[in-house]
Amino acid sequence: MPLMRAAVMRKGQLIVDDVPDPVPGPGQALVRTLACGICGSDLHFLKYGQRMVDLSKETTGVAMLDLGRDVVMGHEFSAEVLELGPDAAGPKPGTVVTSMPVMLNGFSMEDIRAVGYSNEYPGGYSERMLLSAPMLLEVPNGLDPRLAALTEPMAVGAHAVVKSGITPGETAVVLGCGPVGLAVVAALSLAGIEPIVAADFSPARRQLATTMGAHEVVDPREEPAIEAWRRVDGVRNVVLFEAVGVPGMIQAAMKDAPRWARILVVGVCMEDDSIVPMYGINKELEIRFALGYMPNEFADTLNAIAEGKVDVAPLITSEVDLDGVPGAFDALADPEEQCKILVRP
Ligand SMILES: [Zn+2]
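All figures in this text were calculated on a predicted structure; none of them were measured in a lab.

Counted by the stated rule, this structure contains 20 salt bridges. Two residues, Asp-323 and Arg-5, come together in a salt bridge whose shortest N-O distance is 3.2 Å. Of the two residues, Asp-323 sits in the loop between strand E16 (316-320) and helix H10 (325-331) while Arg-5 sits in strand E1 (residues 3-10), which places them 318 residues apart along the sequence. Classification of Arg-5 by relative accessible area gives partly exposed; the value is 33%. For Arg-146, the salt bridge identified is with Glu-319, shortest N-O distance 2.8 Å. Remark: Glu-319 occurs in strand E16 and Arg-146 occurs in helix H2 (residues 145-148); sequence separation between them is 173 residues. The class for Arg-146 is partly exposed, based on a relative accessible area of 29%. By relative accessible area, Glu-319 is classed as partly exposed at 35%.

Listed below in structure tokens is the structure:
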């Protein structure tokens with residue numbers, strides 16, 4: 001059986017090994033991975049994989065994968081089309097593409113698989129992947145494939161902003177400037193929201209938030225984000241974006257939020273958490289949750305990057321080959337040094 005190299009999640013460990021080389025079936029495209037971002041969700045998955053599988057089964061009714069078998073993660077990628085499978089219509093071989101990390105083999109929940117969180121469909125921490133041919137988006141304007149790989153995480157921010165219902169004239173506070181919070185800042189900036197107040201403990205992350213369009217950045221140990229917002233605006237309606245994802249953050253946002261504020265939760269907290277409902281009741285707060293993106297938001301994000309409306313280059317802090325993936329997972333623990341690490345198989 002032909003093999004390819006991949007960074008494989010096996011029995012809860014990340015190792016570099018040979019895995020079966022994928023062969024495109026009907027409607028599928030075989031692609032060569034050009035660049036793939038390492039996502040915080042993958043760090044979570046390596047640590048809390050079984051809990052994520054269990055929670056996904058509970059909320060969707062479908063088992064996403066079996067952790068007893070190999071999983072090749074990586075869902076933020078750009079790639080070159082190598083070959084189209086039988087009856088597959090899509091960009092011709094040689095085309096540089098990106099795609100939502102979704103394999104559509106049909107229209108039932110069982111037929112939809114997450115590329116990079118699947119036993120069948122390896123993600124971008126491998127030399128080659130199978131993608132759904134109709135889902136492929138050609139990377140326009142000769143955009144660098146490394147920047148095109150940032151489409152997926154930036155689309156998460158675009159979706160969170162849409163989901164929040166924020167409109168020009170309202171103001172924003174972004175709690176947490178990891179890749180998700182920074183994508184939210186970029187999308188708010190693109191939507192013309194002002195002011196955008198962002199908070200993070202890390203000076204490097206605050207600097208990146210300014211680069212992505214935040215008007216005011218604070219270290220929450222020195223000045224709470226909501227106080228900074230009061231200082232620079234404090235009058236108009238505010239939407240708080242929770243992009244930290246640790247227990248206590250939703251309650252902290254509810255405590256800080258002024259009356260009638262909205263809270264958009266986009267940080268992925270894997271643990272149980274508690275809130276005091278009276279904060280929400282007394283202030284008539286509205287809390288919404290966001291996950292992923294819609295196909296149009298994904299395509300719009302790719303175009304915004306390709307047209308230079310969003311500069312994602314500053315977010316890329318290093319690049320590794322497949323052998324460097326396990327080390328990169330460890331390196332991402334330090335927010336001062338790393339933000340987005342690209343894997344280039
Ligand atoms: Zn991700």
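Still more ground to cover, so stick around.
All right, on to the coordination of the zinc ion then. Bound to the zinc ion on the protein side are Cys-39 (SG), His-75 (NE2) and Glu-76 (OE), at distances that span 2.1 to 2.7 Å. Look at where the donors of the zinc ion fall in the sequence and you get C-x35-H-E. The same class applies to His-75 and to Glu-76, which are both buried.

Next up on the list: the packing of aromatic side chains. Using the criterion set out here, one finds three aromatic pairs in the structure. Centroid distance Tyr-293 to Phe-298: 5.3 Å. Interplanar angle 50°. Geometry classified as tilted. Of the two residues, Tyr-293 and Phe-298, both sit in the buried class. Over the aromatic face of Trp-260 sits the side chain of Arg-259, whose NZ or CZ is 5.8 Å from the ring centroid.

For the rest of this paragraph, the subject is unusual backbone geometry. That bond from Glu-194 to Pro-195 is cis: its omega, -5°, falls within 30 degrees of zero. By secondary structure assignment, the location of Pro-195 is in the loop between helix H4 (179-190) and strand E11 (196-199). One non-glycine residue, Asp-87, lies in the positive phi region at around 60°. Looking at the secondary structure, you find Asp-87 in the loop between strand E4 (76-84) and strand E5 (96-98). With a phi angle near 45°, Glu-284 is a residue other than glycine that sits in the positive phi range. Within the element layout of this structure, Glu-284 appears in the loop between helix H8 (277-283) and strand E15 (286-289).

This next bit is on helix H7 (residues 249-256). What H7 keeps buried is the set Met-249, Ile-250, Gln-251, Ala-253 and Met-254. Elements that come into contact with the buried residues of H7 comprise strand E10 (171-175), strand E13 (238-242), strand E14 (262-265), H8 and E15.

Its location among the elements puts Met-129 in strand E8 (residues 128-132). Taking the C-alpha atoms as reference, Met-129 lies 31 Å from Val-265; in sequence the two are 136 residues apart. If sequence neighbours within four positions are ignored, Met-129 has contacts with Pro-22, Ala-29, Leu-30, Val-31, Thr-33, Phe-77, Ala-79, Val-115, Pro-122, Gly-123 and Gly-124.

Moving on, we come to the sheet that holds E14. Strand pairing in a sheet relies on backbone hydrogen bonds. The paired strands run either parallel or antiparallel. As summarised here, the arrangement of the six strands in space is E12-E11-E10-E13-E14-E15, forming an open sheet in which the pairing is parallel. Strands at the two margins of the open sheet, each flanked by one partner only, are strand E12 (216-218) and E15. Averaged over all pairs of adjacent strands, the angle between their axes in this sheet comes to 20°, without regard to strand direction. Here E11 pairs with E12 via three bridges, running parallel. Paired with Val-197 across the strands is Glu-216, a residue of E12.

Put simply, the second largest pocket is a space of about 270 Å³. As for the second largest pocket, its lining consists of 16 residues, of which Met-154, Ala-158, Ala-187, Leu-190 and Thr-301 are closest to the centre. Only helix H3 (151-164), H4 and helix H9 (295-306) provide two or more residues apiece to the lining of the second largest pocket. In terms of residue class, the lining of the second largest pocket is made up of 13 nonpolar, one polar and two charged.

What counts and how
Residues numbered from 1 in each chain as written. Predicted model: local features only at pLDDT ≥ 70, side-chain atom pairs only at ≥ 80, totals over all residues. Heavy atoms only, no water. Salt bridge = Lys/Arg side-chain N within 4 Å of Asp/Glu carboxyl O. Helix = DSSP H or I, 4+ residues; strand = E, 2+ residues; numbered from the N terminus. Buried < 20%, exposed > 50% of the residue type's maximum accessible area, 1.4 Å probe, protein only. Donors = N, O, S within 2.8 Å, 3.2 Å for Na, K, Ca; no water. Phe/Tyr/Trp six-rings, centres within 6.5 Å; stacked < 30°, edge-to-face > 60°. Lys NZ or Arg CZ within 6 Å of the ring centre and 35° of its normal. Contact = heavy atoms within 4.5 Å. Pairing = 2+ DSSP bridges. Axes fitted to C-alpha atoms, helices over the stretch in contact; angles between N-to-C directions. 1 Å grid on protein atoms, 1.4 Å probe; cavity = no way out; pocket = protein on both sides within 12 Å on 5 of 7 lines; lining within 4 Å. Points joined across faces, edges and corners; volume = space filled by probe spheres on them. Nonpolar A, V, L, I, M, F, W, Y, C, P; charged D, E, K, R; others polar.

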